[in-house]
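Below are the chains, spelled out letter by letter.
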Amino acid sequence: MADFERYPFVPGPRGVPAQTYAERRAKEPLGKVLLPSGDTAYLTTTHEDAVAVLSDPRFSRDLSRPGAPRMFPGFTIADSPGTLTSMDPPDHTRLRRLLSGVFTPRVVNGWRPRLRELTTELIEGLEEEFEFLHDFAFPLPIQVICDVMGVPGIDSVRVRAWSDAMLSTSSLSEEDKLTAAMEFYAYMAEVIAEHREDPGDGLLAAMIHARDGEDRLNEDELVRNALGLFLAGHETTGSVLGRAVLRLLDPRDGYARLAARPELVPGAVEELLRMEQPGDSPLLRVATEDVELPSGTVRKGEGVIASFAGANFDPSVFPDPHTMDLRRETAQHLAFGRGPHYCLGANLARMELQEILGVLVRRLPGLTLAGAAEEVRWTSGSIIIRPARLPVRKR
């Protein structure tokens, strides 16, 4: 076997995408990489190729098919059979139709006042100096997803621990990760059982009713997808928020500008989503037939990764991509993907970031780092790349 570069690539300083993406984009925009599983797959580095892969139904997310390559050697929630992210039509279409009604712009915008209230309450209870991620950035999205799901009082400490274990790439054994997944699964099954008699009107209720109605979800689908929504509903949003605030506070002129002009927050959120995604896409696809992409051909049975990091820093679409421009036209960014697997919770995540950042710059206009940015320690051994801790001061 030829020697291929190992993927995922080691990120650059402060979590920026590795220089390898730019080098490959210039020399071999569609080339093979060696995955942690030992399998190989093509990696896109251009925006054009990524969009083509994400939009083409000939690339399947069902990695249970015989001979399909795998991203990681053991368990991953993203590739787990029965979850929305691992399905193809018509099963994917059926399940997505069931879930999508809760995430429409109209419904999501109705939660804005509640999120402003939650954010304000949390800020008022913070000490003068606090740890941004664990005191602020993660508690808020957990509360929001609990409200959305209609499950008050979720055990957030255990959920965070299970999430960290399931997203680990090196610090835990496969047995430890599988144990965490099984414990999370069992916990979610208990939550669903408790809500079956009186499910309320949240997303979990809609899922329960669908299982009990004509458009049935089997029990395993119900538990797996509820688990996936809790996991995705807080981990990614909290991580993006932590990375975004560090980007705005060092240098601090970005944050100061938003504090002076909060109306710029919605546009700033799109630029921060483009730049501060906490890792590349872990979603591997397999070609069900030969597919000709703009930069080359992927043969039937071969894997391909549509790199969000490559696409979002493609200078042909985003000039000077490593410079934060809060007025940049960012409609084409792929932070939420594209095509059939476009992130189900994109409207919710976007709204959360807009409201949280908006309240933050209004209520804490003097927010600063409580130390040097160079001293911030970053996560390692995880799919998620973010600051491990981010001490800040209110002024």
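Parameters and conventions
Residues numbered from 1 in each chain as written. Predicted model: local features only at pLDDT ≥ 70, side-chain atom pairs only at ≥ 80, totals over all residues. Heavy atoms only, no water. Salt bridge = Lys/Arg side-chain N within 4 Å of Asp/Glu carboxyl O. Helix = DSSP H or I, 4+ residues; strand = E, 2+ residues; numbered from the N terminus. Buried < 20%, exposed > 50% of the residue type's maximum accessible area, 1.4 Å probe, protein only. Pairing = 2+ DSSP bridges. 1 Å grid on protein atoms, 1.4 Å probe; cavity = no way out; pocket = protein on both sides within 12 Å on 5 of 7 lines; lining within 4 Å. Points joined across faces, edges and corners; volume = space filled by probe spheres on them. Nonpolar A, V, L, I, M, F, W, Y, C, P; charged D, E, K, R; others polar. Core = buried A, V, L, I, M, F, W, Y, C linked by side-chain atoms within 4.5 Å. Phe/Tyr/Trp six-rings, centres within 6.5 Å; stacked < 30°, edge-to-face > 60°. Lys NZ or Arg CZ within 6 Å of the ring centre and 35° of its normal.

Re the pattern of salt bridges
Here is step 1: Summed over the entire model, instances satisfying the criterion amount to 26 salt bridges.
Here is step 2: The shortest N-O distance in the salt bridge between R114 and D147 comes to 3.0 Å. Here D147 lies in helix 7 (residues 139–149) and R114 lies in helix 5 (residues 112–124), a separation of 33 residues in the sequence.
Here is step 3: For D147, a relative accessible area of 33% corresponds to the partly exposed category.
Here is step 4: Its salt-bridge partner being E276, residue R243 comes within 2.9 Å of it at the nearest N-O pair.

Focus: the sheet that holds strand 3 (residues 59–60)
Here is step 1: If you walk across this open sheet you meet the five strands as 1-2-8-5-3, and the pairing is mixed. Sheet topology places strand 1 (30–34) and strand 3 at the edges, where each strand pairs with a single neighbour.
Here is step 2: As defined by bridge partners, strand 2 (residues 40–44) adjoins strand 8 (residues 303–305) across two bridges and the pair is classed as parallel. Bridging from a neighbouring strand, L43 pairs with I305 of strand 8.

Quick word on the layout of surface pockets
Here is step 1: Space inside the largest pocket adds up to approximately 650 Å³.
Here is step 2: Around the largest pocket sit 36 residues that line it, and P8, F9, P11, S382 and I385 are the ones nearest its centre.
Here is step 3: Counting residues per element, the ones that place at least two in the lining of the largest pocket are helix 13 (265–275) and helix 14 (308–312).
Here is step 4: Top contributing element to the lining of the largest pocket by residue count: helix 14, with three residues.
Here is step 5: A class-by-class count of the residues in the lining of the largest pocket yields 21 nonpolar, twelve polar and three charged.

Considerations on empty space enclosed by the protein
Here is step 1: With the rule as written, the count across this model stands at four cavities of 30 Å³ or more.
Here is step 2: Of the voids in this model, the largest cavity is the one considered here, and its volume is about 1,200 Å³.
Here is step 3: T85, A232, T236, L283 and C343 are, among the 50 residues lining the largest cavity, the residues nearest its centre.
Here is step 4: Examining the composition of the lining of the largest cavity, we find that ten residues originate from one element, helix 11 (residues 219–249), more than from any other.
Here is step 5: Looking at the lining of the largest cavity residue by residue, the class counts come to 28 nonpolar, 15 polar and seven charged.
Here is step 6: Computed from the structure, the second largest cavity encloses a volume of approximately 50 Å³.
Here is step 7: Considering the residues around the second largest cavity, the lining is formed by V240, L241, A244, V269, L272, L273, L353 and L357.
Here is step 8: Taken together, the elements giving at least two residues each to the lining of the second largest cavity come down to helix 11, helix 13 and helix 15 (346–363).
Here is step 9: Classifying every residue of the lining of the second largest cavity by side-chain character gives eight nonpolar, no polar and no charged.

A word on the nonpolar core
Here is step 1: Formed by 87 residues in total, the largest nonpolar core has its most connected members in F132, F136, M149 and L360.
Here is step 2: Broken down by element, this core gets its largest block of residues, 14 residues, from helix 11.

Overview of the packing of aromatic side chains
Here is step 1: If you walk through the whole model with that rule in mind, you get seven aromatic pairs.
Here is step 2: Judged by centre distance (5.4 Å) and plane angle (90°), the rings of Y7 and F9 are edge-to-face.
Here is step 3: Exposure remark for F9: the relative accessible area of 11% places this residue in the buried category.
Here is step 4: With centroids separated by 6.3 Å and ring planes inclined at 65°, the aromatic side chains of F336 and Y342 adopt a geometry described as edge-to-face.
Here is step 5: Take F336: its relative accessible area is 9%, and that puts it in the buried class.
Here is step 6: Above the face of the F313 ring, R274 is positioned so that its terminal group lies 5.3 Å from the ring centre.
Here is step 7: Of note, R274 hangs over the ring of F318, and the distance from its end group to the ring centre comes to 5.2 Å.

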